[in-house]
Amino acid sequence: MEWADQAVVLRIGHFRESDLWLKLLCRKRGLLTLFAFGGSRSRRRFCGCLDVLNTLQCRVKASGRGNFLNLEEAVLLSGPQRLRGNWQRMGLAANCLRFVEALGVNDDGAEETFALVEDLRRVLEEEARLPALLPLFFRLRLAGALGFAPNLGHCGACGAPLTERAFFVVDEGQMRCAACRAGESLPATRYGVELSPAGLDLLRRVQQEFPSTWPVEDGPPTDRRACARAIDGFVQYHLGLAWEGGYFRHV
């Protein structure tokens, strides 16, 4: 089997003397691990383009027994220019790319995830200011692209549109309007986050838009903390992932 696709390089590793393995996010096929034999030396087949955050046009062929994939040839389509010299922004990029790996992407969500990662790269490369919660926003947006987004527009109990301050019940992944929250008498031990109208509007916007249109203005610290707690709680409880020591671990 042989096929061609565009792909963003998420991670690269060495094995043996001149061979590489790569984690690629392919536009049509999602997240895959491929091997590039002779990849650290070949300039004819790879043109020196195998680097993290590069977008490639790839030609891929399955091994004889079909148990792994070979990267036969790659051509550079686009990649960062200044970003690699900014270690802080490269750290943000690594955080987001690790989340893509940890969550996994199949062919159903591949197209939107591919576009999301490319837009993130452009933002990190070109924008003077970034949202303070960029990695958390990325987690919420990617979860939505893969079908895991919580409904932040309506109360999970009565279905009423949320226009005022509301409560995010983390273990349910649902919102509660003020009336339902008061009527339910949720236990004090139940983990939840109270979100202001401004905080809710911000999270809805992040869910629906790409990083290049996310607002960069710093809102009130209480809103930022509430948004961060809501996203982190949702990711840990419903996706089973927590960021620790530079990697995501399953919880």
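Residues numbered from 1 in each chain as written. Predicted model: local features only at pLDDT ≥ 70, side-chain atom pairs only at ≥ 80, totals over all residues. Heavy atoms only, no water.

Another aspect to go through is the domain arrangement of the chain. Looking at the assigned domains, one finds that the chain contains domain 1 (2–78) and domain 2 (84–149 + 196–250). If you average the C-alpha positions of domain 1 and of domain 2, the two centres end up 26 Å apart. The partner domain 2 presents 18 residues to the 19 residues of domain 1 that form the contact. When the two sides are added together, the surface that domain 1 and domain 2 hide from each other amounts to roughly 1700 Å², 61% of it contributed by carbon and sulfur. Looking at the side of domain 1 facing domain 2, the largest losses of area belong to Leu25, Arg27 and Leu53, adding up to 39% of the total buried there. Between domain 1 and domain 2 we count three salt bridges in total. Put simply, arginine 11 and glutamate 101 hold a salt bridge, and the shortest N to O gap is 2.6 Å. In terms of residue count, the dominant contributor to the side of domain 1 that touches domain 2 is strand β1 (residues 2–15) (five residues). (Domains from an automatic or database assignment. Contact = heavy atoms within 4.5 Å. Buried area = accessible area lost by both parts, 1.4 Å probe. Salt bridge = Lys/Arg side-chain N within 4 Å of Asp/Glu carboxyl O. Helix = DSSP H or I, 4+ residues; strand = E, 2+ residues; numbered from the N terminus.)

Okay, the side chain of arginine 98 next. Residue position: arginine 98 is located in helix α1 (residues 87–103). On the basis of relative accessibility, which here comes to 19%, the residue arginine 98 falls in the buried class. (Buried < 20%, exposed > 50% of the residue type's maximum accessible area, 1.4 Å probe, protein only.)

Estimates place the volume of the largest pocket at around 260 Å³. Considering the residues around the largest pocket, the lining is formed by 17 residues, among which Leu202, Pro215, Glu217, Asp218 and Gly219 are closest to the centre. The set of elements that each furnish at least two residues to the lining of the largest pocket consists of α5 (197–208) and α6 (221–239). Ranked by residue count, the leading element in the lining of the largest pocket is α5, at five residues. Considering only residue class, the lining of the largest pocket consists of nine nonpolar, two polar and six charged. (1 Å grid on protein atoms, 1.4 Å probe; cavity = no way out; pocket = protein on both sides within 12 Å on 5 of 7 lines; lining within 4 Å. Points joined across faces, edges and corners; volume = space filled by probe spheres on them. Nonpolar A, V, L, I, M, F, W, Y, C, P; charged D, E, K, R; others polar.)

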